[in-house]
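Inside the fold
The primary structure of each chain is shown beneath.
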Amino acid sequence: MTKTNVSFDQAIQQLEEIVRQLEQGDVPLEDAISLYKKGMELSTLCHSKLQNAEKQLISIIDDKGEKVPFTESEKEDTVK
């Protein structure tokens, strides 16, 4: 499974498994280093996917059907 076709949920599950293995402490050093590297890659992937989702969520569609940024002033207007 390559990075490009790993879903966020799959990456989180893999990351949790790596953390579990490393926390047990019975992983040989070489394997621990490999697991750590893979964990960092998965962490970066998850972060990227979250940033992408955030970018999608912070825009709205205006009256003309065009995508526009969702600004702080608009957030405050909807809260009132």
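Calculation rules
- Residues numbered from 1 in each chain as written.
- Predicted model: local features only at pLDDT ≥ 70, side-chain atom pairs only at ≥ 80, totals over all residues.
- Heavy atoms only, no water.
- pLDDT = per-residue confidence, 0-100.
- Helix = DSSP H or I, 4+ residues; strand = E, 2+ residues; numbered from the N terminus.
- Salt bridge = Lys/Arg side-chain N within 4 Å of Asp/Glu carboxyl O.
- Buried < 20%, exposed > 50% of the residue type's maximum accessible area, 1.4 Å probe, protein only.

This part covers the confidence of the model for the protein chain. On average, residues of the protein chain carry a pLDDT of 83, and 82% of them reach 70 or more. Of all helices and strands in the protein chain, the one with the weakest mean pLDDT is helix α3 (residues 72-79) (51), whereas helix α1 (residues 8-24) scores best (96).

Applying the stated rule across the entire model yields one salt bridge. Note that arginine 20 and glutamate 17 form a salt bridge whose closest N and O atoms lie 2.3 Å from each other. Here the residue arginine 20 and the residue glutamate 17 both occupy positions in helix α1, the gap between them amounting to three residues, near one helical turn. Glutamate 17 sits in the partly exposed class, given a relative accessible area of 32%.

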